[in-house]
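# Summary of the model geometry
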Amino acid sequence: MTITNYLCNGIEKRFHSNAAAELLLNSVSERQGSRMDVRRSSLYSTLDLVPQLEHYARSLPHHRMKSRPSLEALRRASDIVLKITPKETLTKQVSNELLSTQVRCMLNIWGVILFLRLSLITSQAGILLTWLIILMSVTVTSVTALSISAIATNGRVISGGAYFMISRSLGPEIGGPIGMVFSFANALACALNTVGFAEVVRDLLQEFGVPIVDPINDIRIVGVVTVTVLLLISLAGMEWESKTQILFFIILLVSFANYLVGTVIPPSVEKQALGIFGYRSDIFVQNLTPDWRGPEGNFFELFAIFFPSAIGILSGANISGDLKDPATAIPKGTLVAIFWTTVSYLVISVTVGACVLRDASGNITDILVGNITDDCVGLGCQLGWNFTECAQTQTCEYGLANSSKVLGQLSGFYHLITAGVFAASLSSALGFLVSAPKVFQCLCRDNLYPYIGFFAKGYGKNDEPLRAYLLCYIIAVAFILIAELNLIAALISNFFLCSYSLINFSCFHASITNSPGWRPSFHYYSKWTALFGAVISVVLMFLFTWWAALTTFCIIFFLFGYVNYNKPEVNWGSSVQAGTYNMALSYSVALSGVEDHVKNFRPQCLVLTGPPNQRPALVDFVASFTKHTSLMICEDLCERQSRPQDATDWLLKWLNKRKVRSFYTPFTADSLRLGARHLLQASGLGKLKSNTLVLGFKANWRDSSGNQVSAYCMHTYTNINIHYHSNIHSFIRSPLFALLTADDISDKGDSDQIKTVFQNDQGKKTIDVYWIADDGGLTLLVPYLLTRRKHWHRSKVRVFIMGDEQNMEEGLLWSFQFCLFLSVLKRLLTSVPLFLLLLSLRRFVDSVAPFRLYDEQKEGVSIQELRQSAPWKISDKEFEAFKLKRKVRLNEIIRRNSQHAALVLVSLPVPHSDCPSALYMAWLDTLTCGLHCPAVLIRGNQQNVLTYYCQ
């Protein structure tokens, strides 16, 4: 089946028609990078196009999204020329990319471990356990490959490979650390394969008797020179790198064929001295079981050494930015590469284990003459060789357990295997040297971490990350200087296992959240296998090298904490967002079935802020007792004209920057009065519904028109009316409200972050509560919640109540039973000097004078006639009826007792149904004027929000 037919069949299954499949396939061809513009018109108009993939590319960074024709343009449609890309071109592109991805993955999997360590692993672990190690590694990599395939086919994957997949699936908090660690791991993998190459060159130099310095320094010198040459090839561009990789692939295939031919050639005496005897059942049986030796002689140590040979599965994904169709090339290329490389590892381990003894001296004189087998121990005796002495003294230099050159010695032509070692190590080193900078470049462009943007710059038509190449080169050189292959392999295993774990978890999390955006075209995966892959990867990390695993996780958590603290302004539509939505939805629905209880009451505030940045003090006050505790909704009532979307987004950012946990909703209504009434009834969802109304005091009420004053007071009236007409049970469900007033709160605001008094540390100042009326306890609950905040935790709460000594004792009892720990409880004295009372009364009378009718001075005119033009004004009868001296007296008491308070809370008087709005505003103004701190007028709805009973 051709790739084109495969694509067509897959598309037909989704769209159930050949015509629809053909349309989508043609649009895909435009995405593949064709130079011709693919624009197929619909049946309605030549300008009205069929669905175009480019119109849905909004989530790609730095991508200019193509726009659809407007409705007006469709009305004036004219003919356009349509050009279709031939399907043969698409087929050729996809086939070439599939082959390129497959070859790249195979070259990176066929690394230095295959030729230099597989024979040693087979010797110690035995054939059976070696197969188990291989199959366990393949299980992890295969499950990861399935997850990669699902993620890669869920949308366009640009440059960045595994980092791009994880970050766009789990968000920047997880993607950032993995991008950093994964880039570093690729640089280490480059060092690993370069050291392997240098070991072989060192052995050749010693074999020919021309060492450079000494064995360790020879590895360092050759490794640095080699990685420098590889860097130059990488800097030359992807074309040179691709041609070099093809050459390496051909050399590897020839070396494999050379090895298999050598296993069937009858061994010479020289080869037998090296422990090579061809296929023999007795050798095969002996090598089936393990023979642990040395400090690395245990299963998981050998597993850790072998596992880096399987890390090349991400090579295709790492160059996703250079692929025209990564959704096809990555899944098929990766899975095919895993299959053939697994077969090769299994074949080599079983063939070498069936042909080579574990110990051999390499000395031809150890051959047995005749049937003399005295003092001869081991399988070699049966084969005519006496390797007893070197085996017992552990001085054997040859054989499966001692020499890393076994594959070359067993092959038909030794130097072809050497060429294979060169090809495997250099191809893997080159592949990782190319992958690491591209991943790191993508990470740098996302600006998740400081000081790395320098490496984001690309050069040339292919946007080559030359600066990142140099950084990767420096890291590789640093680890090449260690010159210890096994140590580097253990570190790499942990880094890549961590990446595999996150890739699998990304697939699992995206599947489990049921997000509509999770639509991979690759269906051969399971969320449970992905979860298994994530868990087993973490387990293997600790089984391999526990200290390296802990180090890796410490690095991950540090990088995670940095990104999580800084909250980068990116929105990638991650599965974490989808999961958060699912959890919020589930808990909200579950909460709806839970009955309310007074012990769980929380003041869920609907705050009439208008644009929040214009009333920062009001926002900060409510946030002081709702943050991490209860609901806060900032409502912006707009009269007849809605708020622009960009302004809404900016105000949300303003709240987030101020670290206020609040919703913000602009609400358009024909009038402010009607809008407030609708808001009080409709705001919130289920049990997450506002029960407390908060609004700033209208300090300029005297200069406002009567209609404006009346509309403002209607917020309070409406709130009370809703309370009376709500379906009230024995639990708190009806609204509560509060009024905030302070001299430093103004209707004028600035777009900047203005610091308010509620953001300051209040020290040991007091919070004075004047509990005038028993409203259910809201007046006491709010100051208690304030003292739980950092800025208020040292403030003392003083409660003033009216009454005699008996009331004081009851108040103290309430304090302990409610567990509010009130610092001071005082009896409110009502005696005020006469001159102060007269001054306050004079101020009160002057404030309401502009709103009076003075109807008794106008004979022959009824009150109804006077109120036709000004219904909010106060008649003389109403003024005398509601002119209560106690409210005026209370203001003087508050001013005397709360001169040094940080905050004053006073029970809000309930307005009478026939009380004019101007008169009510004058009372509130008189009650709180002259204070040197913010004042809160607060009133519950006569339902309990506190209880001292346990049940």
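As a reminder, the structure under discussion sits directly above these lines.
Quick look at the structure, then. For clarity, every value in this text was computed on a predicted model and none was experimentally measured.

About the thresholds
Residues numbered from 1 in each chain as written. Predicted model: local features only at pLDDT ≥ 70, side-chain atom pairs only at ≥ 80, totals over all residues. Heavy atoms only, no water. Helix = DSSP H or I, 4+ residues; strand = E, 2+ residues; numbered from the N terminus. Contact = heavy atoms within 4.5 Å. Areas by Shrake-Rupley, 256 points an atom, 1.4 Å probe, with all protein chains shown as cover. Disulfide = S-S within 2.5 Å. Buried < 20%, exposed > 50% of the residue type's maximum accessible area, 1.4 Å probe, protein only. Right-handed = clockwise from strand over helix to strand, strands pointing away. Phe/Tyr/Trp six-rings, centres within 6.5 Å; stacked < 30°, edge-to-face > 60°. Lys NZ or Arg CZ within 6 Å of the ring centre and 35° of its normal. Salt bridge = Lys/Arg side-chain N within 4 Å of Asp/Glu carboxyl O. Core = buried A, V, L, I, M, F, W, Y, C linked by side-chain atoms within 4.5 Å. Expected span 1.5 Å × (residues − 1). Arc of directions from axis to C-beta. Patch = residues over 30% accessible without salt bridge, like charges linked within 9 Å, V, L, I, M, F, W, Y side chains within 5 Å. Axes fitted to C-alpha atoms, helices over the stretch in contact; angles between N-to-C directions. Parallel < 35°, antiparallel > 145°, perpendicular 65-115°, else oblique. Left-handed = near helix turned anticlockwise from the far one by under 90°.

When helices and strands are tallied, the protein shows 35 helices and ten strands. Considering only contacts in the protein between residues 6 or more positions apart, those separated by 24 or more positions represent 80%. Of the accessible surface of the protein, which amounts to about 44600 Å², a share of 58% is contributed by carbon and sulfur atoms.

Before going further, it helps to examine the state of the cysteines. Evaluated as defined, the whole model comprises two disulfides. Two residues share a disulfide in this structure: C376 and C381, whose sulfurs sit 1.7 Å from each other. One quick way to see it: the torsion about the S-S bond of C376 and C381 is about -100°, and its sign makes the bridge left-handed. Summarising the burial analysis for this pair, C376 and C381 share the class buried. The disulfide bridge from C390 ends at C396, spanning 1.9 Å between sulfur atoms.

Next up on the list: the pairing of strand β7 (residues 796–801). In terms of residue burial, β7 counts as a mostly covered element, since five of its six residues are buried. Handedness of the crossover joining strand β6 (residues 766–770) and β7 through helix α29 (residues 778–786): right-handed.

Within a pair of aromatic rings, the relevant descriptors are the distance that separates the centres and the angle that separates the planes. Overall, the coordinates contain 31 aromatic pairs when judged by the stated rule. Arranged with centres 6.2 Å apart and planes meeting at 65°, the rings of F432 and F496 form a pair that is edge-to-face. Placement of F432 in helix α19 (residues 414–445) and of F496 in helix α21 (residues 485–512) is noted, with a sequence separation of 64 residues between them. Judged by relative accessible area, F496 falls into the buried class, the value being 1%. Look at Y449 and Y562: their rings are 5.7 Å apart centre to centre, the planes differ by 25°, and that puts the pair in the stacked class. With Y449 in the loop between α19 and α20 (466–480) and Y562 in helix α23 (residues 546–566), this residue pair connects regions lying 113 residues apart in the sequence. Through a chain of ring-to-ring contacts, the aromatic side chains of F182, F299, F300, F303, F307, F432, F496, Y500 and F544 assemble into a single cluster. The residue whose ring lies beneath R467 is F454, and the NZ or CZ to ring-centre distance is 4.1 Å.

For the structure on display, the rule yields twelve salt bridges. We note a salt bridge from D291 to R293, for which the minimum N-O separation is 2.9 Å. Of the residues examined, D291 reaches a relative accessible area of 26% and is grouped as partly exposed. Notably, a salt bridge pairs R895 with E892, separated by 3.6 Å at the nearest N-O pair. Pair noted here: R895 and E892 are both in helix α34 (residues 885–897), with a separation of three residues, about one helical turn. Note on R895: relative accessible area 29%, which makes it partly exposed. On the accessibility criterion, E892 (5% relative accessible area) is buried.

In terms of nonpolar packing, the biggest core is built from 137 residues, with F115 and F496 touching the most fellow members. With residues near it in sequence (within four places) discarded, F115 still touches L252, S255, F256, S404, L407, I417, G420, V421 and A424. I633, L695, F851 and Y920 belong to the second-largest nonpolar core, a separate cluster that totals 41 residues.

What follows deals with helix α26 (residues 645–657). Structurally, the α-helix is built with 3.6 residues per turn, so residues lying three or four positions apart point the same way. With 13 residues, α26 extends 18 Å between its outermost C-alpha atoms, agreeing within 8% with the 18 Å of an ideal straight helix rising 1.5 Å per residue. Taken together, the buried positions of α26 are T648, L651, W654 and L655. Buried residues in α26, looked at end-on, bunch into an arc of 115°, giving them a common side. Exposed side of α26, more than 90 degrees from the buried face: Q645, D646, K653, N656 and K657 are the residues found there. Close packing links the buried residues of α26 with α25 (616–626) and β3 (663–669).

All right, on to the environment of C442 then. On the secondary structure map, C442 appears in helix α19. Residue class for C442 comes out buried when judged on its relative accessible area of 7%. When the C-alpha atoms of C442 and F455 are compared, they prove to be 9.5 Å apart, with 13 residues separating the residues in sequence. Setting aside chain neighbours within four positions, we find C442 in contact with S159, G160, Y163 and F164.

Here the focus is a nonpolar patch on the surface. A cluster of nonpolar side chains, namely L260, V336, F339, W340, V343 and V347, defines an oily patch on the protein surface of about 490 Å² accessible area. Tracing the sequence through the fold places W340 in helix α15 (residues 326–355). On the basis of relative accessible area, W340 is assigned to the partly exposed category, the value being 46%.

To continue, consider the packing of α21 against helix α22 (residues 527–544). Two quantities define a packed helix pair, namely the angle between the helix axes and the distance between the axes. Relative orientation of the contacting elements α21 and α22 amounts to 155°, with a least axis distance of 8 Å. Considering the angle they form, α21 stands roughly antiparallel to α22. The two elements α21 and α22 cross, and the hand of that crossing is left-handed. Here S493, N494, L497, C498, Y500, S501, N504, F505, C507, F508, S511 and I512 of α21 lie close against α22, whose contacting residues are K527, W528, A530, L531, G533, A534, S537, V538, L540, M541 and F544.

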